[in-house]
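# Results of the structural survey
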Amino acid sequence: MSLEEVLNDIERDKEERKKQIADAASQETAKIEREREEKIQALQMEYENRMKEEGDRLYSSIIDRANVEARNTIRMRVQEILDQYAAKADEWIKNLPQSKEYADILKKMIDVSRKSLGPDCVIKANKADRDKILDKNVDFGDVDPFGGILATTKDGRVELDLRLSKIENDILEQLKVRLYSMIED
């Protein structure tokens, strides 16, 4: 083999080696590029998922706050309505003893008490109502500032509270319960 042939072989080997190295580098570069793209896509998906979750949490938080504010607004309005009704009821009850119907109301209260607790029950009424009650078996004292009666069985075990302030409180409490139950539905 001549020197020229040896140099040509070396040159050929060198070119072939360069080509192998270039191919290997190209393959490695392509592999790195694919891995980089996969990582970018994975990060984008993770970011999109996090953003969606954060958006969902933010949306839920806004809805929850709006619901709480709405309930509070409704409760405040209900309380205003209850206060208005309570004021009207107080006014009506304060004026009831001066009305024409009050004597009949007291008589009906006494009749209901005797039917419920027996004819020998103890009935108490306000001193101010003495002229409106013709029944001689009624005790007079300070029962209620607004009026009404308080009845108990003779042995004192069962009581029927027909005082006007108690009736008003019961009605307002029932109204409050009903309004709040309607809100919750």
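Attention here is on the structure that accompanies the text. Being a predicted model, the structure only gives us computed values, none of them experimental.

The strand order across the open sheet built from four strands is β2-β1-β3-β4, with neighbouring strands paired in mixed fashion. Taken across any chain shown, the strands that pair with only one partner, and hence form the sheet edges, are β2 (138-141) and β4 (159-163). Sheet twist, expressed as the average angle between the axes of neighbouring strands with direction ignored, equals 20 degrees. Across the face of the sheet, helix α2 (residues 102-117) comes into contact with β1 (122-126), β2, β3 (148-152) and β4 while running at roughly 10 degrees to β3.

What follows concerns the pairing of β1. By the bridge criterion, four bridges tie β1 to β3 in an arrangement that is antiparallel. Residue pairing in the sheet places Val122 in a bridge with Thr152 of β3.

Attention now moves to the pairing of β4. Inspection of the sheet shows β3 paired to β4 by five bridges, in the antiparallel sense. Directly across from Gly148, in β4, lies its bridge partner Arg163. A loop of six residues connects β3 with β4, the two strands running antiparallel in sequence, and Gly156 in this loop sits at a positive phi of about 80 degrees.

Throughout the structure, instances matching the rule amount to 14 salt bridges. Arg57 serves as the salt-bridge partner of Glu54, at 2.9 Å between the closest nitrogen and oxygen. Of this pair, Glu54 and Arg57 are both found in helix α1 (residues 3-95), three residues apart, which corresponds to roughly one turn of the helix. Accessibility expressed as a relative area gives 41% for Glu54, which makes it partly exposed.

With 16 residues, the main nonpolar core has Ile123 and Ile149 as its most contacted residues. Where this core is concerned, the elements lending two or more residues are α2, β1 and β3. The element that contributes the greatest number of residues to this core is α2, accounting for five residues. Apart from residues no more than four positions distant in its own chain, Ile123 is found in contact with Ile110, Ser113, Arg114, Asn137, Val138, Asp139, Ile149, Leu150 and Ala151.

Thresholds, definitions, all that
Residues numbered from 1 in each chain as written. Predicted model: local features only at pLDDT ≥ 70, side-chain atom pairs only at ≥ 80, totals over all residues. Heavy atoms only, no water. Pairing = 2+ DSSP bridges. Helix = DSSP H or I, 4+ residues; strand = E, 2+ residues; numbered from the N terminus. Axes fitted to C-alpha atoms, helices over the stretch in contact; angles between N-to-C directions. Contact = heavy atoms within 4.5 Å. Salt bridge = Lys/Arg side-chain N within 4 Å of Asp/Glu carboxyl O. Buried < 20%, exposed > 50% of the residue type's maximum accessible area, 1.4 Å probe, protein only. Core = buried A, V, L, I, M, F, W, Y, C linked by side-chain atoms within 4.5 Å.

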